[in-house]
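# A structural walkthrough
Each chain, written out:
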Amino acid sequence: DTAVSQTPKYLVTQMGNDKSIKCEQNLGHDTMYWYKQDSKKFLKIMFSYNNKELIINETVPNRFSPKSPDKAHLNLHINSLELGDSAVYFCASSQPAGINYNEQFFGPGTRLTVL
Amino acid sequence: KQEVTQIPAALSVPEGENLVLNCSFTDSAIYNLQWFRQDPGKGLTSLLLIQSSQREQTSGRLNASLDKSSGRSTLYIAASQPGDSATYLCAARGGSYIPTFGRGTSLIVHP
């Protein structure tokens, strides 16, 4: 299936731990994103990468470090997890901005719970 | 800084009604506007994408319009069905190419 996939779907961990979420897209897109959806369902962009280069970094704490080994993958590593990091994290992809048709496609989300 | 507002926040209607969901944005210099639906516990499904040069897009029973000058987009759902029940989100992509989402309209269509 052509899609954006994320692993794991659920992640429960203790405060202070370090965890990673993986994202892969097989749509042939050059641009990938990480979003955070809080408990009130508000969706806010965190990062965007275009062809492995960081292009958007929306004042996210430096405990969050995205890594793009290739343009089909964008992983999110979170150090020293805090209670406030509990949320659903979505990965998305699109063709780059600047190309006329850059519709975003989203993954199923990773529900992170920090205890 | 772009702000996106969606009205109403929640809507409950009987099956068969035609619906209008509203999305307004403060900075009219947008690159495009995209409508999504989100089912509970699921990811976002793209419904329609309107480029800044376009006025509307249609897909089946859905029609989205864009009026950049007034900072508004509407999503029209014809002949609503219970399967349309979901949260509908709009996202405006501004000149910096950063997508800004509204908080969504939670729709319930009851039989």
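Quick summary incoming for the structure in this document. (Residues numbered from 1 in each chain as written. Chains lettered and ligands numbered in written order. Predicted model: local features only at pLDDT ≥ 70, side-chain atom pairs only at ≥ 80, totals over all residues. Heavy atoms only, no water.)

## Comments concerning the sheet that holds strand E7 (residues 64–70) of chain A
All names here are of chain A. To keep things clear, this is the line we draw: We treat two strands as partners when DSSP finds at least two bridges between them. A run of DSSP states H or I qualifies as a helix once it reaches four residues; a run of E qualifies as a strand once it reaches two. Both are numbered from the N-terminal end. All axes here are fitted lines through C-alpha atoms, helices being fitted over the stretch that makes contact, and every angle between N-to-C directions spans 0 to 180 degrees.
Read across the sheet, four strands follow the order E1-E3-E8-E7 without closing on themselves; strand pairing throughout is antiparallel. Both outer strands of the open sheet, strand E1 (4–7) and E7, are each paired with one neighbouring strand and no more. This sheet shows a mean twist of 20° between the axes of neighbouring strands, independent of strand direction.

## Digging into unusual backbone geometry
The residue after Thr 7 of chain A, namely Pro 8 of chain A, is reached through a cis peptide bond having omega -5°. You can see Pro 8 of chain A is positioned in the loop between E1 and strand E2 (10–13). That bond from Ile 7 of chain B to Pro 8 of chain B is cis: its omega, -5°, falls within 30 degrees of zero. Along the chain, Pro 8 of chain B turns up in the loop between strand E1 (4–7) and strand E2 (10–14).

## What about the interface of chain A and chain B?
Note the threshold: Note on contacts: a residue pair is in contact if any heavy atoms of the two residues lie within 4.5 Å. The quantity reported as buried area is the accessible area (1.4 Å probe) lost by two parts once they are put together, taken as the sum for both. Every case where a carboxyl oxygen of Asp or Glu lies within 4 Å of a side-chain nitrogen of Lys or Arg is listed as a salt bridge. Counted as a polar contact is a pair of N or O atoms within 3.5 Å, where, for protein atoms, one must be capable of donating a hydrogen and the other of accepting one, and residues adjacent in sequence contribute only when both atoms are in side chains.
Tallying the contact residues gives 24 residues for chain A and 20 residues for chain B. Counting the surface lost from both chain A and chain B, the interface buries some 1,800 Å², and carbon and sulfur atoms represent 52% of this. At the junction of chain A and chain B, the tally comes to zero salt bridges. In this assembly, chain A and chain B are joined by four residue pairs in polar contact (both at pLDDT 80 or more). Looking at the side of chain A that touches chain B, the elements with two or more residues in it are strand E4 (31–37), strand E5 (43–50) and strand E9 (87–94) of chain A.

## Looking at the sheet that holds strand E8 (residues 72–77) of chain B
Sheet strands associate in pairs through backbone hydrogen bonding, adopting either a parallel or an antiparallel arrangement. All names here are of chain B. The sheet built from five strands is open, its strands ordered E1-E3-E8-E7-E6 with antiparallel pairing. At either margin of the open sheet sits one strand with a lone partner, and together these are E1 and strand E6 (56–59). Taken pair by pair, the neighbouring strands of this sheet meet at an average axis angle of 15°, ignoring direction. With four bridges connecting them, E1 and strand E3 (residues 19–25) associate as antiparallel partners. In the strand pairing of E3, Thr 5 is matched with Ser 24.

## Points about the packing of aromatic side chains
This is how the line gets drawn: Only centres within 6.5 Å qualify two rings of Phe, Tyr or Trp (six-membered ring in Trp) as a pair; their planes then separate them into stacked at under 30 degrees, edge-to-face at over 60, and tilted for everything else. Each residue gets one of three labels from its accessible area relative to the maximum for its type: buried under 20%, exposed over 50%, partly exposed in between, using a 1.4 Å probe on protein chains only. Each ring is checked for a lysine NZ or an arginine CZ that lies within 6 Å of its centre and within 35 degrees of its normal; such an atom marks a charge sitting over the ring.
Scanning the entire structure with this criterion turns up eight aromatic pairs over all chains. When the ring of Tyr 35 of chain A is compared with that of Phe 106 of chain A, the centres are 5.2 Å apart and the planes differ by 35°; the resulting orientation is tilted. Residue Tyr 35 of chain A is located in strand E4, and its partner Phe 106 of chain A is located in strand E10 (residues 105–106); the two are separated by 71 residues in the primary sequence. We note that Tyr 35 of chain A, like Phe 106 of chain A, is buried. One aromatic cluster is present, formed by Tyr 33, Tyr 35, Phe 90 and Phe 106 of chain A together with Phe 36 and Phe 101 of chain B through successive ring pairs. Of note, Arg 103 of chain B hangs over the ring of Phe 42 of chain A, and the distance from its end group to the ring centre comes to 4.2 Å.

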